[in-house]
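Secondary and tertiary structure notes
Chain by chain, the residues:
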Amino acid sequence: MYPATAGVGSSLQSLERFPDYQQEQLLILAGLELTIAYRLLEARWKIANSIFWKRSNAATKHSVRAKLDGIAFDANSSIIKAGKLLNRYYDLHGIDERDREAWSQVIRSLTNGHRWLNEEFGIDCTAKQLKIDL
């Protein structure tokens, strides 16, 4: 498992324990985006470890790398969408003093997951190669 997967998973668990999670649409949508990111990162791990890199031909390696790059980009996009939804929730509702620690745990985990994703996959997270079938 990637460190980014752990960070996103931790953020999702913290968000699900947040008091308003079941009632607030923005938090539910953020949870869905985090779930998507988590599952994408899990799939990336499985795909990356499913082939024999030393024995595979160049075309297979290129195809798998392109798939892995696309998955990293999509996971990063979901993390950013979740962050924007959480920011919007905070702007609209604010955080009570009693919920501040739970909220900071959500944000800290999400920030770490995003940072780890960008550190590990770098350029893969910032651009996605589009395919045009002719």
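In what follows, the accompanying structure is described. Given the structure is predicted, the values throughout are model-derived calculations rather than measurements. (Residues numbered from 1 in each chain as written. Predicted model: local features only at pLDDT ≥ 70, side-chain atom pairs only at ≥ 80, totals over all residues. Heavy atoms only, no water.)

1. Quick notes on the overall build of the protein
Of regular secondary structure, the protein possesses four helices and zero strands. Along the protein, from the amino end to the carboxyl end, the secondary structure elements read α-α-α-α. Expressed along its principal axes, the backbone C-alpha trace of the protein runs to roughly 55 × 30 × 25 Å. The proportion of buried residues among the 134 residues of the protein is 37%. A separation of at least 24 residues holds for 75% of the contacts in the protein among residues at least 6 apart in sequence. Carbon and sulfur atoms provide 54% of the accessible area of the protein, an area that totals close to 8500 Å². (Helix = DSSP H or I, 4+ residues; strand = E, 2+ residues; numbered from the N terminus. Buried < 20%, exposed > 50% of the residue type's maximum accessible area, 1.4 Å probe, protein only. Contact = heavy atoms within 4.5 Å. Areas by Shrake-Rupley, 256 points an atom, 1.4 Å probe, with all protein chains shown as cover.)

2. So, the environment of N57
The residue N57 is located in the loop between helix 2 (25-48) and helix 3 (58-93) in this model. As a C-alpha pair, N57 and G113 span 56 residues in sequence and 33 Å in three-dimensional space.

3. Remarks on the packing of aromatic side chains
The tally for this structure, following the rule as stated, stands at four aromatic pairs. Taking 6.2 Å as the distance between ring centres and 20° as the angle between the ring planes, the aromatic pair formed by Y90 and W103 counts as stacked. Linking Y90 in helix 3 with W103 in helix 4 (residues 100-121), this pair joins segments that are 13 residues apart in sequence. On the accessibility criterion, W103 (9% relative accessible area) is buried. Chaining the aromatic ring pairs together yields one cluster made of F18, Y89, Y90 and W103. (Phe/Tyr/Trp six-rings, centres within 6.5 Å; stacked < 30°, edge-to-face > 60°.)

4. Observations concerning the packing of helix 3 against helix 4
Their axes nearest at 11 Å, the elements helix 3 and helix 4 cross at an angle of 155°. Classed by the angle they form, the pair helix 3 and helix 4 counts as roughly antiparallel. Remark: the crossing between helix 3 and helix 4 carries left-handed chirality. For the pair helix 3 and helix 4, the contacting residues are A72, A75, N76, I79, I80, G83, L86, Y89 and Y90 in the first and R100, W103, V106, I107, L110, H114, L117, N118 and F121 in the second. (Axes fitted to C-alpha atoms, helices over the stretch in contact; angles between N-to-C directions. Parallel < 35°, antiparallel > 145°, perpendicular 65-115°, else oblique. Left-handed = near helix turned anticlockwise from the far one by under 90°.)

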